[in-house]
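Working through the structure, step by step
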Amino acid sequence: MTGHGHNEAYRAISVTPCCPQIGAEIGNIDLTRPLTDLELAELRRAFTENLVLFFRDQKISFEDHVRLGEYFGPLGAHVGSKTISKTTDDPRVRKFHYDETTPRVSGDKWHTDQSCAAVPPLGSILYNHTLPPNGRGDTIFASMYEAYDALSDRMKTHLEGLTALHDGTRVFGEGTPKSNHPVIARHPESGRKLIYVNREFTTRINDVPEEESAALLSYLIDHCARPEWSYRFRWQPHSIAFWDNRCTHHMAVSDYLPAVRSGYRVQVEGSAPPVAA
Ligand code: SIN
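Notes on the structure in this doc start here. Residue positions are given per chain, counting from 1 as you read along its sequence in written order. This being a predicted model, a pLDDT of at least 70 is required before a residue's local features are given, and a value of 80 or more before pairs of side-chain atoms are given or counted; all residues contribute to the totals for chains, interfaces and linings. For side-chain calculations, the full set of non-hydrogen atoms in the structure is used, while hydrogens and water are omitted.

Within the open sheet, the 8 strands sit side by side as 1-2-3-14-6-16-5-4. Their pairing is mixed. Two strands close off the open sheet at either side, each with one partner strand: strand 1 (14-17) and strand 4 (86-87). Pairing between strands is defined by DSSP: at least two bridges between them are needed. Here a strand is any run of E in DSSP of at least two residues, a helix any run of H or I of at least four, and the numbering for each starts at the N terminus. Here strand 5 (residues 94-98) pairs with strand 16 (residues 261-268) via 5 bridges, running antiparallel. Looking at strand 16, one finds that His 97 is bridged to Ser 262. In what follows, residue pairs with any heavy atoms lying within 4.5 Å of each other are defined as contacts. Structural elements are reduced to axes, namely lines fitted to C-alpha atoms, with helices fitted over the stretch in contact, and the angle between N-to-C directions of any two is expressed from 0 to 180 degrees. The sheet strands contacting helix 2 (residues 62-70) are strand 6 (123-130) and strand 16, and the helix crosses strand 16 at an angle near 35°.

So this is what it looks like as structure tokens:
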């Protein structure tokens, strides 16, 4: 089986694209044990080609979760001072638990994780062991490559070279960073161009009048949220989603409280700030 846009076959793992634009389900893999060199090389290729990887029926421990994340880089900490997720006994693993006591579902607006950081995370790996009944609690992912490709040539030219402010304080409160990043970035591994603004964190396109910034941001944020480049993932108990935070947006569908949705997440650190295309 092959991933998006590539013909080279996978020999160790199976890679089944979810839709033409984004996401693939990975099979023939057991994340409760260390991976072979071939499995890891193929997993890395699948990640670059498919942007978000999904795994089913993986009853992983903290140790397994950390090992999977560390194949892709050192694990990092959340930059937010006020977050709904909680620390666990292992500082590298955060608990994402929602029930009748939870004020709201976090991540329920389109975003890329912590784009307010000078170096945002490379990716996040969310494992959910408990899901609400009746197929509630999905997560939707969107490809920012496809969103970029669909812009008109005039709009691409206009946006290239611009930067935007990503403000963490409006999401996570005082003490959370603010950073400027290019509006159009280039992915360090795929080399593809992508839109790098999001609804949750981006507050201002720099060096243009305020009204122009507001109109452009509104257009881009609506454009990025279009279903043409989105995929809605239906969780099952012991599913895992691993997203490339550098080229995707995601949002958690807030349709299940007071039912319980519970799991753990590790965050893989980025190695460099987003680079202008
Ligand atoms: C998040 O925004 O990282 C949470 C995604 C989810 O809970 O589905």
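Turning to helix 2, a few remarks are in order. Categorising residues by exposure relies on relative accessible area from a 1.4 Å probe, with only protein chains included: less than 20% of the type maximum marks a residue as buried, more than 50% marks it as exposed, and the intermediate range marks it as partly exposed. Turning to helix 2, its buried residues number three or more, namely Asp 64, His 65, Val 66, Arg 67, Leu 68 and Gly 69. The elements touched by buried residues of helix 2 are helix 1 (37-50), strand 6 and strand 16.

What follows deals with the site of the ligand. Any residue with at least one heavy atom within 4 Å of a molecule or strand is counted as near it. Around the ligand sit Gly 107, His 111, Asp 113, Leu 126, Thr 139, Trp 243, His 250, Ala 252, Arg 261 and Arg 265, and those are all the residues in its vicinity. Between an oxygen atom of the ligand and a side-chain N or O atom of His 250, the distance comes to 3.1 Å. In isolation the ligand has 260 Å² of accessible area, and contact with the protein removes 98% of it. Residue assignment for the shell around the ligand shows that the elements contributing at least two residues are strand 15 (248-252) and strand 16. Per-class residue counts for the shell around the ligand are 3 nonpolar, 4 polar and 3 charged. Within 3.5 Å is the distance limit for a polar contact, defined as a pair of N or O atoms, with the added protein rule that one can donate a hydrogen and the other accept it, and that residues adjacent in sequence qualify only through two side-chain atoms. The Shrake-Rupley method, run with a 1.4 Å probe sphere, supplies the accessible areas, and residue values consider only the shown protein chains as cover. Lys, Arg, Asp and Glu make up the charged group, whereas Ala, Val, Leu, Ile, Met, Phe, Trp, Tyr, Cys and Pro make up the nonpolar group; the residues left over, Gly among them, are polar.

Now for the pattern of salt bridges. Throughout this description, the term salt bridge denotes a Lys or Arg side-chain nitrogen within 4 Å of a carboxyl oxygen of Asp or Glu. The tally for this structure, following the rule as stated, stands at 19 salt bridges. With a shortest N-O distance of 3.7 Å, Glu 25 and Arg 56 are connected by a salt bridge. One end of the pair, Glu 25, is in strand 2 (residues 24-27); the other, Arg 56, is in the loop between strand 3 (52-55) and helix 2, and 31 residues separate them in sequence. The partly exposed category is assigned to Glu 25, whose relative accessible area is 31%. What makes Arg 56 buried here is its relative accessible area of 18%. A salt bridge links Asp 222 to Arg 199; its shortest N-O distance comes to 3.5 Å. With Asp 222 in helix 6 (residues 210-224) and Arg 199 in the loop between strand 11 (193-195) and strand 12 (202-205), this residue pair connects regions lying 23 residues apart in the sequence. Members of the salt-bridge network, linked through shared partners, are Glu 8, Arg 45 and Glu 49.

Quick look at the pairing of strand 1 now. Pairing of strand 1 with strand 2, which is carried by 4 bridges, proceeds in the antiparallel orientation. Each residue of the ladder has a partner; that of Ser 14, found in strand 2, is Gly 27. The turn linking strand 1 back onto strand 2 is made up of 6 residues, and Gly 23 within it adopts a positive phi angle of 95°.

Looking at where His 249 falls in the secondary structure, it is placed in strand 15. When its relative accessible area of 4% is taken as the criterion, His 249 is described as buried. Once the C-alpha coordinates of His 249 and Asp 57 are considered, the two residues, 192 residues apart in sequence, prove to be 25 Å apart. Not counting residues up to four positions away in its chain, the partners in contact with His 249 are Trp 110, His 111, Thr 112, Ile 140, Phe 141, Ala 142, Met 144, Val 197, Asn 198 and Cys 224.

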